[in-house]
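Working through the structure, step by step
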Amino acid sequence: MENSATPRPLMSRTLIVFLFTMILANISSRMFNPYLPLYLKSLGASVSQVGLAFTVTMLAPLAFQILGGWVSDTIGRLQAIVIGSLAASVGYVFFIFADGWGWVLAGMAFSSLAGSFVAPSFQAYVAEQADPKRLGKVYGLTEGLFSVVGIIGPLLGGFFSERFGFKWLFWVAGITYAIATIIRVVMARNDRSVRAGGERRKLSWSGLKVNMGEMIALVTAGGIVTWMLVADGVIDVSFSVSNQFQPIYLQDLAHFSNSQIGVLISISSAVTMAVMLLGGGLSDKLGERVCIVGGGLLVAAGMVLFLLTRDYLGFVISFGLFGMGGGLLGPAYDSLISKAIPIRLRGTAFGLFSSSIGVISLPAPWIGGILWDQIGPRAPFMVPVIGILLLSPVVWFKFVLPKQTPREELQAAAEGIDS
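Bear in mind that the values here come from a model prediction, so they are computed numbers and not experimental data. (Residues numbered from 1 in each chain as written. Predicted model: local features only at pLDDT ≥ 70, side-chain atom pairs only at ≥ 80, totals over all residues. Heavy atoms only, no water.)

1. Concerning the overall build of the protein
- Scanning the protein for helices and strands turns up 20 helices and zero strands.
- For the protein, restricting intrachain contacts to residue pairs at least 6 apart in sequence, the fraction spanning at least 24 positions comes to 85%.
- Split by element, the accessible area of the protein, about 18,300 Å² in all, is 69% carbon and sulfur. (Helix = DSSP H or I, 4+ residues; strand = E, 2+ residues; numbered from the N terminus. Contact = heavy atoms within 4.5 Å. Areas by Shrake-Rupley, 256 points an atom, 1.4 Å probe, with all protein chains shown as cover.)

2. Topic: the packing of helix α2 (residues 13-32) against helix α9 (residues 148-163)
- Relative orientation of the contacting elements α2 and α9 amounts to 40 degrees, with a least axis distance of 7 Å. By the angle between their axes, α2 is oblique relative to α9. Handedness of the α2/α9 crossing: right-handed. Only Val148, Val149, Gly150, Ile152, Gly153, Pro154, Leu156, Gly157 and Phe160 of α9 make contact with α2, whose side of the interface consists of Ile23, Asn26, Ile27, Arg30 and Met31.
- Of the residues in the contact of α2 with α9, the class split is nine nonpolar, four polar and one charged. (Axes fitted to C-alpha atoms, helices over the stretch in contact; angles between N-to-C directions. Parallel < 35°, antiparallel > 145°, perpendicular 65-115°, else oblique. Left-handed = near helix turned anticlockwise from the far one by under 90°. Nonpolar A, V, L, I, M, F, W, Y, C, P; charged D, E, K, R; others polar.)

3. Topic: the packing of helix α4 (residues 47-57) against helix α7 (residues 101-129)
- At a closest axis distance of 9 Å, the pairing of α4 and α7 adopts a crossing angle of 35 degrees. By crossing handedness, the relation of α4 to α7 is classed as right-handed. On the side of α4, the interface is formed by Gln49, Ala53, Phe54, Val56 and Thr57, while α7 contributes Trp101, Leu105, Met108, Ala109 and Ser112.
- Its residues assigned to classes, the contact of α4 with α7 shows seven nonpolar, three polar and no charged.

4. Regarding the side chain of Ser28
- Within the secondary structure, Ser28 is located in helix α2.
- The class for Ser28 is buried, based on a relative accessible area of 0%.
- Separated by 2.5 Å, the side chain of Ser28 and the backbone oxygen of Ala173 make a polar contact.
- With sequence-adjacent residues up to four places away left out, Ser28 is seen in contact with Tyr92, Ala173, Gly174, Thr176 and Tyr177. (Buried < 20%, exposed > 50% of the residue type's maximum accessible area, 1.4 Å probe, protein only. Polar contact = N/O pair within 3.5 Å; in protein donor to acceptor, adjacent residues only side chain to side chain.)

5. A few points about unusual backbone geometry
- A positive phi angle, close to 65 degrees, is found at His255, a residue other than glycine.
- Relative to the assigned elements, His255 resides in the loop between α13 (246-252) and α14 (258-286).

6. Re the pattern of salt bridges
- Overall, the coordinates contain two salt bridges when judged by the stated rule.
- Of the charged contacts in the structure, one is a salt bridge between Asp252 and Lys41, with a shortest N-O distance of 3.1 Å. Of this pair, Asp252 sits in helix α13 while Lys41 is found in helix α3 (residues 36-42), placing the two residues 211 residues apart along the sequence.
- Looking at Asp252, the relative accessible area reads 33%, which means it is partly exposed.
- Two residues, Glu288 and Lys339, come together in a salt bridge whose shortest N-O distance is 2.8 Å. With a gap of 51 residues between them, Glu288 in helix α15 (residues 288-308) and Lys339 in helix α16 (residues 312-340) connect regions that are remote in the sequence. (Salt bridge = Lys/Arg side-chain N within 4 Å of Asp/Glu carboxyl O.)

In structure tokens:
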């Protein structure tokens, strides 16, 4: 009886090791991701071609994001992550030996494929290791610690790309990722847990159809899941129009070096990490929609300042606002998805929500490149501001979980605990 009354620790030992591999792997990716547009330009790509490149690489999440979540639900979280890790390892080979921007495009495609398996498994795994009553706090802690990748990665990337060139950057990043992959393989081989909600199943078309049928029913029911998917699509499109051009804007218009750009990104991540450690608990107390709306408005304010400022201090404040907004948004949004989706569908659901999966978002980076060329460099960055302002009232009125009876709450809590 004493053991059953002892509160579960926020993070289990397995979750800590798992989070370490995620941090190591993502330090690797954050070392080069912010500089990919600059790498493409150095290999001869124009701004429009950079937008086209990011549009093409969105095909992999479009095709595999939901599939990766279903694989995670079926054969296990760690096993799905290993599949993604091996795909990403192939991508590093293309990055290292690229002699034209087309080869970089192939590496980006493999990296996108890897994310389709890793991202939904990470979020679902955290939910299953957490106390349901402290879900927001657990997401805040794990995502807060995870945010260190955004501090270390861009600083290292700026240093290596500026001092030694992009090739050395990809060698260091590739070796770092290989170490994380080896640890993940060992964890998966030693994994004795069962899949969410029962024993592991074999991959089959019938199993995929069952999962997809249940997800489609949730998405089309007109409830909170429907509105969350709509909001996710709008945000994906809005930020896909502008995100890839941020380093080019900072370099070409603000005349910052790679290291200065890396410092700005690290500042944003540091603020995100600090806010997440508090924001998760805040979402548990105040409700997820309060943090989601508040975080979105902070991001919009940061983007407005990004467009208006001319000096480095202004950009520091702008990126600080990005970090504050992300720190409030992330844990609250993940907590809400975990509460709204049955445990047996969590991987599939996170696959649906964690990336741009709709055809409508596919041409967004290409459209951003056209806006840059035809209207001006600031035009793509106005799109996410408009998107956030339009969505804020929708989130406030529609992101409300249906009320449960006490018995249903107990059953939901029991389902949320990974046995």
